[in-house]
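# Chain and residue survey
One-letter residues, chain by chain:
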Amino acid sequence: MTNEITVAMLDRKIAWCKQTLADAKAAAIHHMQDFYFEKTRASVTESWPETFSSQELADALGVEQVRYRIYYSQDNLTCRLFVFRPHCTPFETETMLGMGFVSAQDGDTENIPNQPVEEVNE
């Protein structure tokens, strides 16, 4: 084996560099994404459990403010906090998922489950 660099070796190295660059560009693509965080409570007289403020979420994402919407179940025992990220990066996706959010799908605002009500038979 010699220390010569062949044309085939250069071609492989150039192809590897192009692929690595293409992978990096694909990972940095921004896309629109909705996330939601679900909270439940045992009765309507209880307050909602504490999670995090919108400012804490904005600080975690490194932005000034975060847009959100809140939807409630019909029995008012479950709520979903939806956060819209118009230019979501992989970092933001990881951050949101790490905070307990779920990637929202079509229909997630309408299918909020009612909580099972415990019946007491006396």
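Okay, so let's go over this structure.

Analysis parameters
- Residues numbered from 1 in each chain as written.
- Predicted model: local features only at pLDDT ≥ 70, side-chain atom pairs only at ≥ 80, totals over all residues.
- Heavy atoms only, no water.
- Helix = DSSP H or I, 4+ residues; strand = E, 2+ residues; numbered from the N terminus.
- Buried < 20%, exposed > 50% of the residue type's maximum accessible area, 1.4 Å probe, protein only.
- Phe/Tyr/Trp six-rings, centres within 6.5 Å; stacked < 30°, edge-to-face > 60°.

With that out of the way, let us pick up the environment of P86. Positionally, P86 belongs in strand 3 (residues 78-88). You can call P86 partly exposed: its relative accessible area is 29%. Sequence separation between P86 and D34 is 52 residues; the distance between their C-alpha atoms is 8.4 Å.

With the rule as written, the count across this model stands at four aromatic pairs. Summarising the aromatic geometry, the rings of F37 and F101 are spaced 5.5 Å apart at their centres and angled 55° between planes, so their arrangement reads as tilted. A residue pair is termed long-range when its members are at least 10 positions apart, and F37 in strand 1 (residues 31-40) and F101 in the loop between helix 3 (90-98) and strand 4 (102-103) qualify at 64 residues. Taking the relative accessible area as the measure of exposure, F37 reaches 15% and is therefore buried. Judged by its relative accessible area of 3%, F101 falls in the buried class. Judged by centre distance (5.4 Å) and plane angle (85°), the ring pair of Y71 and F82 falls under edge-to-face.

Treat this as a map of the structure, not an account of what it does.
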